[in-house]
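Here is how the chains run, residue by residue.
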Amino acid sequence: MSNTQDLLRQTGRWKRWEIPLWLLALASPLLLTSHALIINEIAIVALFALSLDLILGYTGIVSLGHAAFFGMGAYSAALFAKLVMPDPLVGLAVGIACATVLGALCSATILRGTDLTRLMVTLGVALILGELANKLDWLTGGADGLQGVVIGPLLGQFEFDLYGRVAAWYSLTVLAVVFVISRRFVNSPFGATLKAIRDNRLRAMAIGIAVNSRMALAYTVAAALAGAAGALLAQTTGFASLDVFEFHRSADVMLILVVGGVGWLYGGVTGAIVFKLMQDAISSITPQYWTFWIGLFLVVLVLVGRERLIRPWTWFGKGKTGAAP
């Protein structure tokens, strides 16, 4: 047991380059003022990807309906700001709480069946919530979206500006805090049991791990983080629409993890940076066909492999070409 704890402690230890990297990220809205809006988008998408990685990369739960929790967080925070009070931190807490409750309720749906069953059930939850948001137009605004959302100043001091600097700092700070918590979570003994469930569920049950309760808890925590990402989107844009429940939200975050790698917390962050920058750059050149080029990039990534893709001089060597790790 002590050896296992020492290994977990060593794995969770911060590397020398990580602290300067996060400090640079937090300073990026000041260093890249004209790009603060896309920095804010990257931070939100990275948080969303990190939430999915907790269940996909660390627990082995495949989900195509993660947008359900993202949308729940977005609408909860937006409605709270419009109907109750505009404080962003309280609204963020409300969005997280609502997504957590939804995740706890939906966690029962992923305990039975195969991966294909889970895919369909999770997708169905997102479709149901999207349709409810559309039908309850008196509350959500329906297809027109929830308008008139006004978010108060952050900490009572910092107004959200049109350039997105305050929004970028806000989202980056939340991402950093969640990253630290998630790091402790996955490098704890509980996180080790999640990896055991991912690798072999039957063997994990055989050695006495409470598989169902751990899967349910991991799913609920991931839902809470996805709700935080949705709440940040609604607060920093002042708007919530049916788009937050759409299938492409879940699909995009899955692609982001393909790009960045699963089972690695920095995978979601790295994938979000690459995906959003490519989307922004390619769509500015060819707005109609940007999805084609991103799809081509993903095909090359899978065929060549992530490690070899960033080292093109190895493409034509004797190394074995395989799927991205």
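Predicted, not measured: the structure shown is a model, and the values here were computed from it.

Student: Give a description of the overall build of the chain that names residues and reports values.
Tutor: Looking only at helices and strands, one finds 15 helices and 0 strands in the chain. Scored against the burial criterion, the 325 residues of the chain give a buried share of 48%. If you sum the accessible surface of the chain, you get close to 16,500 Å²; carbon and sulfur atoms cover 68% of it.

Student: Account for the packing of aromatic side chains, with residues named and values stated.
Tutor: Counting across every chain of the model gives 11 aromatic pairs. Summarising the aromatic geometry, the rings of Phe179 and Tyr266 are spaced 4.7 Å apart at their centres and angled 50° between planes, so their arrangement reads as tilted. With Phe179 in helix α8 (residues 165-186) and Tyr266 in helix α13 (residues 265-285), the pair connects residues that are 87 residues apart, well separated along the chain. Both residues of the pair, Phe179 and Tyr266, count as buried. The structure contains a cluster of three or more aromatic residues connected by ring pairs, namely Trp17, Trp22, Phe179, Trp264 and Tyr266.

Student: So what's going on with helix α9 (residues 189-199)? Which residues, and what values?
Tutor: Regarding α9, the residues found buried are Phe190, Gly191, Thr193, Leu194 and Ile197. End-on view of α9: buried residues confined to an arc of 155°, all on one side of the axis. Summarising the geometry of α9, the exposed residues directed more than 90 degrees from the buried face are Pro189 and Asp199. For α9, the secondary structure elements touched by its buried residues are α8, α10 (201-206) and α11 (211-237).

Student: Residues and numbers for the packing of helix α12 (residues 247-260) against α13, please.
Tutor: Where α12 contacts α13, the axes come no closer than 7 Å and their chain directions differ by 105°. Overall, the two elements α12 and α13 adopt an arrangement that is roughly perpendicular. In this structure, α12 uses Asp252, Ile256, Leu257, Val259 and Gly260 to contact α13, whose residues at the interface are Gly267, Gly268, Gly271, Ala272, Val274 and Phe275. Looking at side-chain class alone, the contact of α12 with α13 contains 6 nonpolar, 4 polar and 1 charged residues.

Student: Kindly report on the environment of Arg249, identifying the contributing residues and their values.
Tutor: Within the fold, Arg249 resides in helix α12. Sequence-wise, Arg249 and Ala68 are 181 residues apart; in three dimensions their C-alpha atoms are separated by 9.4 Å. Beyond its immediate chain neighbours, meaning those up to four positions away, Arg249 contacts Phe48, Ala67, Phe70, Leu233, Asp243 and Val244.

Student: A description of helix α4 (residues 67-83) should follow, citing residues and the corresponding values.
Tutor: With 17 residues, α4 should reach 24 Å at 1.5 Å per residue; the first-to-last C-alpha distance of 24 Å fits that figure. Within α4, 14 of the 17 residues are buried, leaving the element largely enclosed by the surrounding structure.

Student: Could you give an account of the pattern of salt bridges, with specific residues and numbers?
Tutor: Oppositely charged side chains can pair when the atoms bearing their charge come close. For the coordinates displayed, the defined rule picks out 4 salt bridges. With its nearest N and O atoms 3.1 Å apart, the salt bridge here joins Arg198 to Asp199. On the accessibility criterion, Arg198 (33% relative accessible area) is partly exposed. In this structure, the salt-bridge partner of Arg249 is Asp243, at a minimum N-O distance of 2.5 Å.

Student: Explain the environment of Val125 to me, and be specific about the residues and the numbers.
Tutor: Here Val125 is to be found in helix α6 (residues 115-135). Spatially, the C-alpha atoms of Val125 and Cys106 are 8.1 Å apart, while their sequence positions differ by 19 residues. Those residues in contact with Val125, other than ones at most four positions away along the chain, are Ala68 and Cys106.

Student: Break down the packing of α4 against α11 for me, citing the residues and quoting the values.
Tutor: Following both chains from N to C, one finds α4 and α11 inclined at 50°, their axes separated by 6 Å at the closest point. Between α4 and α11, the angle falls in the class oblique. Seen from above, α4 lies across α11 with right-handed handedness. Of the residues in α11, those touching α4 at Phe69, Phe70, Gly73, Ala74, Ala77 and Ala78 are Tyr219, Ala223, Ala226, Gly227, Ala229, Gly230, Ala231, Leu233, Ala234 and Gln235.

Student: Outline the side chain of Asp53, listing residues and values.
Tutor: The residue Asp53 is located in helix α3 (residues 36-56) in this model. Of the buried charged residues, Asp53 lacks a salt bridge, with Arg198 as the closest side chain of opposite charge at 7.6 Å. For Asp53, the side chain forms a polar contact with the main-chain nitrogen of Gly263, separated by 2.9 Å. Those residues within four positions of Asp53 in sequence are excluded, and the remaining contacts are Tyr58, Leu257, Val262, Gly263, Trp264 and Leu265.

Student: Lay out the confidence of the model for the chain in plain terms, naming residues and giving numbers.
Tutor: In this model, the chain carries an average pLDDT of 83, and 90% of its residues clear a pLDDT of 70 or more. No element of the chain has a lower mean pLDDT than helix α1 (residues 2-11), which averages 56, and none a higher one than helix α5 (residues 88-106), which averages 92.

Here is what the cut-offs are and how they apply
- Residues numbered from 1 in each chain as written.
- Predicted model: local features only at pLDDT ≥ 70, side-chain atom pairs only at ≥ 80, totals over all residues.
- Heavy atoms only, no water.
- Helix = DSSP H or I, 4+ residues; strand = E, 2+ residues; numbered from the N terminus.
- Buried < 20%, exposed > 50% of the residue type's maximum accessible area, 1.4 Å probe, protein only.
- Areas by Shrake-Rupley, 256 points an atom, 1.4 Å probe, with all protein chains shown as cover.
- Phe/Tyr/Trp six-rings, centres within 6.5 Å; stacked < 30°, edge-to-face > 60°.
- Arc of directions from axis to C-beta.
- Contact = heavy atoms within 4.5 Å.
- Axes fitted to C-alpha atoms, helices over the stretch in contact; angles between N-to-C directions.
- Parallel < 35°, antiparallel > 145°, perpendicular 65-115°, else oblique.
- Nonpolar A, V, L, I, M, F, W, Y, C, P; charged D, E, K, R; others polar.
- Expected span 1.5 Å × (residues − 1).
- Salt bridge = Lys/Arg side-chain N within 4 Å of Asp/Glu carboxyl O.
- Left-handed = near helix turned anticlockwise from the far one by under 90°.
- Lys, Arg positive; Asp, Glu negative; His and termini not counted.
- Polar contact = N/O pair within 3.5 Å; in protein donor to acceptor, adjacent residues only side chain to side chain.
- pLDDT = per-residue confidence, 0-100.

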